[in-house]
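Residue strings, one per chain:
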Amino acid sequence: MSLLKRLGGGAPPPPPSEPAPKAAPPAPTPVAPPPQAAHPANAAPASAPAASPKVEDTGQPIDQKRMLELSLWCVDRIQASLGNQNELTRSPETEKLLQERFARVYQQAGAHLSGDQVKQLFTMVCDELMGFGPIQQLLNDDSISEVMVNGPYMIYVEQKGKLRLTDVRFANDEHVLKIIDRIIRPLGRRVDRKWPMVDARLPDGSRVNAIIPPCAIDGSTLTIRKFSKNKLKIDDLVRFGSMTAEMAEFLRACVVSRLNIVVAGGTGSGKTTLLNVLSNFIPDDERIVTIEDSAELQLGQDHVVRLESKPAEIDGSGRVQIRDLVINSLRMRPERVVIGECRGGETLDMLQAMNTGHDGSLTTLHANTPRDALARMETMTMMAGMDLPLKVIREQIASAIGIIVQQSRLDDGQRKVTYITEVQGMEGELVVLQDIFKLEIKGKSPEGKIICELKPTGVRPKFTPKLEAHGFKLPPSIFGAEIPGQKRGW
Ligand SMILES: Nc1ncnc2c1ncn2[C@@H]1O[C@H](COP(=O)(O)OP(=O)(O)O)[C@@H](O)[C@H]1O
Ligand SMILES: [Mg+2]
């Protein structure tokens, strides 16, 4: 059943009878939509095959609006000529077929576009018929990492760490719904008024969340976190200044020496990217089990078993959570367990595993400072429902975790490792933390770039003997210790 039907709306009007009327040029004075048109059940079909198609007044330049309505007009004609066969898969044959149909329809339209505009129009038509409509161009752009559709007329992207409003638009809310349906239907998922939100993953690994009215008040909202095909490597992070070469060397030593490591950070700060980099330091001959909500990690090692959680079936049964997978993974003879993100009770199972021989495990969690990461671990451990005293939880954390690596996205969009902090143990009721590396903020350049420096604190970690036992004799200078005889100045 179409999404429109499920939402209680009418089916799109039947295809127009031939001969096709000439495409009247789009009205120069745009027609404002009736106020209730934003509601999907009341909205007009996305692409009414009228002779003079109109899009609402969205404040966009008339050229872009004309192109959009013209493309939708062409799409309707082409679809009608294909017998309303909606599902087209991209292939050279389909493109050839569409090129022929497009040429015919474009002639009927009688539009006078430049060569470049005709090409753009054809791309828009192809994206509408075989891709994800207006946002396809944003998904194709490798410099864009996130696409956010806030209703039909407000589409933001994240590009190079910065949010930016684009001039891309949908025709109306129904058009957005059509694309959401196109995304989730092949995955056997659905969204409707009864359950108006859905999480899904595109075939290329990108993560999608859609939420529609009535819960999304201002129109159907779509958030796509693009899967980066080329995950950043350690050299990239050093080159970008996200960490220093010394920090990279130190982190490699910690991973190889089987310290348990937590990467903390906010949403989009680069946690998964860093976890991926750290996991790639695991020696080749160790068996790795990865556990994720949606598989993002790309490990270079051969001996990797990848596990992914699973949402419930339509009847509500059959959900497999991260926690189930963590418990299961311990029966798989892992030498390393890498958990994409701890969000709840699985934290207790992970800590117990770390404390009972499964050392060298890695995970991420949502926190803004290393101290905050400890508090978060406490809360998440409590979510396991075991009713453990706080002191016991803290002891578990203190004895399990070796270091906390804090990843942050600064206000100017730079992503940095802002702390590498050792978890030293307990003193009374408190967990003792010691920063080994730290970001020092110095000011702001006239262009608004944050000027900062990553520095060792001068303190060597207490676990240095463990690193040495694994063959890492890190020079004291890595930690900022002054070497006698090399001290400059008086
Ligand atoms: N150190 C970095 N420098 C520049 N870009 C980064 C860095 N780390 C991550 N990114 C980019 O930031 C985006 C979000 O990263 P991700 O690791 O998925 O964040 P999180 O897991 O914290 O939500 C991705 O597009 C990624 O390529
Ligand atoms: Mg992540």
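Before reading further, recall that the structure is shown in the block above.
A short tour of the structure in this document, coming up. (Residues numbered from 1 in each chain as written. Chains lettered and ligands numbered in written order. Predicted model: local features only at pLDDT ≥ 70, side-chain atom pairs only at ≥ 80, totals over all residues. Heavy atoms only, no water.)

## Let's talk about the nonpolar core
Then comes step 1: Core analysis: the biggest nonpolar cluster contains 42 residues, and M243, F250, I261, I403, I420 and L467 have the highest contact counts within it.
Then comes step 2: Of all elements in the fold, only α7 (234–239), α8 (245–256), β7 (261–265), α9 (271–279), β12 (403–409), β13 (415–427), β14 (430–444) and β15 (450–456) reach the threshold of two or more residues within this core.
Then comes step 3: Among the elements that make up this core, the one with the highest residue count is α8 (eight residues).
Then comes step 4: Formed by 30 residues, the second largest nonpolar core is a distinct cluster that contains A264, L351, A367 and I397. (Core = buried A, V, L, I, M, F, W, Y, C linked by side-chain atoms within 4.5 Å. Buried < 20%, exposed > 50% of the residue type's maximum accessible area, 1.4 Å probe, protein only. Helix = DSSP H or I, 4+ residues; strand = E, 2+ residues; numbered from the N terminus.)

## Section: the site of ligand 1
Then comes step 1: Every one of the 15 residues lining ligand 1 counts as a neighbour, but S242, G268, K271, T272 and T273 are closest to it.
Then comes step 2: G268 is positioned with one of its backbone polar atoms (N or O) 2.8 Å from an oxygen atom of ligand 1.
Then comes step 3: S269 is positioned with one of its backbone polar atoms (N or O) 3.2 Å from an oxygen atom of ligand 1.
Then comes step 4: Here ligand 1 loses 84% of its free accessible area of 560 Å² to cover by the protein chains.
Then comes step 5: Sorting elements by how many residues they give to the shell around ligand 1 places α9 first, with three residues.
Then comes step 6: Here the residues of the shell around ligand 1 are counted per class, giving three nonpolar, nine polar and three charged. (Near = heavy atom within 4 Å. Polar contact = N/O pair within 3.5 Å; in protein donor to acceptor, adjacent residues only side chain to side chain. Areas by Shrake-Rupley, 256 points an atom, 1.4 Å probe, with all protein chains shown as cover. Nonpolar A, V, L, I, M, F, W, Y, C, P; charged D, E, K, R; others polar.)

## A few points about the side chain of E296
Then comes step 1: In this structure, E296 sits in the loop between β8 (288–292) and β9 (304–308).
Then comes step 2: Relative accessible area serves as the criterion here: at 13%, E296 is assigned to the buried category.
Then comes step 3: In this view, E296 contacts R207, F227, K231 and T272; residues no more than four positions away in its chain are not counted. (Contact = heavy atoms within 4.5 Å.)

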